[in-house]
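# Structure assessment
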Amino acid sequence: MASTSGMRAQMLAELPRARWAPWVKRDYIWLSKAILENGNYGYEWYGTDPKEWGDHANGQYGVLGIWGCERSGWPVKTEEW
């Protein structure tokens, strides 16, 4: 869920980077793959190309998560912004 990954990424950005880097990587992969064609996030992602419309609440959590990953030192691609 975008809300879980998004909030966890924000929290991990406040912790020591070296210890929590695998968690940041996992959340970043999930968040970057779950972006819908319209740039939003849906409620869940199961590893396939998402085809739904999404909603703004999950979109906000998704963006917070990508930002948290970037704050943790993870390189975020420009097209994901």
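First, a word on scope: everything that follows refers to the structure included in this document. (Residues numbered from 1 in each chain as written. Predicted model: local features only at pLDDT ≥ 70, side-chain atom pairs only at ≥ 80, totals over all residues. Heavy atoms only, no water.)

### A closer look at the overall build of the chain
Scanning the chain from terminus to terminus reveals 3 helices and 0 strands. Here the C-alpha radius of gyration of the chain, 12 Å, is about what a compact globule of 81 residues would show, namely 12 Å. Projecting the C-alpha coordinates of the chain onto the three principal axes gives extents of approximately 35 × 20 × 20 Å. Residue pairs in contact within the chain that sit at least 24 positions apart in sequence constitute 53% of those at least 6 positions apart. As displayed, the chain offers around 5200 Å² of accessible surface, 58% of which is attributable to carbon and sulfur atoms. Taking the 9 positively charged and 10 negatively charged side chains of the chain as two groups, their mean positions are separated by 10 Å. (Helix = DSSP H or I, 4+ residues; strand = E, 2+ residues; numbered from the N terminus. Rg over C-alpha atoms; globule rule 2.2 N^0.38 Å. Contact = heavy atoms within 4.5 Å. Areas by Shrake-Rupley, 256 points an atom, 1.4 Å probe, with all protein chains shown as cover. Lys, Arg positive; Asp, Glu negative; His and termini not counted. Charge placed at Lys NZ, Arg CZ, Asp CG, Glu CD.)

### What to know about the nonpolar core
Formed by Ala2, Ala9, Leu12, Val24, Tyr28, Trp30, Leu31, Ala34, Tyr41, Ile66, Cys69 and Val76, the largest nonpolar core amounts to 12 residues. With 4 residues, helix α2 (residues 17-33) is the single largest residue contributor to this core. (Core = buried A, V, L, I, M, F, W, Y, C linked by side-chain atoms within 4.5 Å. Buried < 20%, exposed > 50% of the residue type's maximum accessible area, 1.4 Å probe, protein only.)

### Thoughts on α2
Across its 17 residues, α2 extends 22 Å between first and last C-alpha, which sits within 8% of the 24 Å expected from 1.5 Å per residue. By the largest-angle criterion, Trp23 marks the main kink of α2, which is about 35 degrees. Three or more residues of α2 are buried, namely Val24, Asp27, Tyr28, Trp30, Leu31 and Ser32. Lining the buried residues of α2 we find α1 (2-12) and α3 (56-71). (Expected span 1.5 Å × (residues − 1). Bend = angle between axes of the 7 residues up to and from the residue.)

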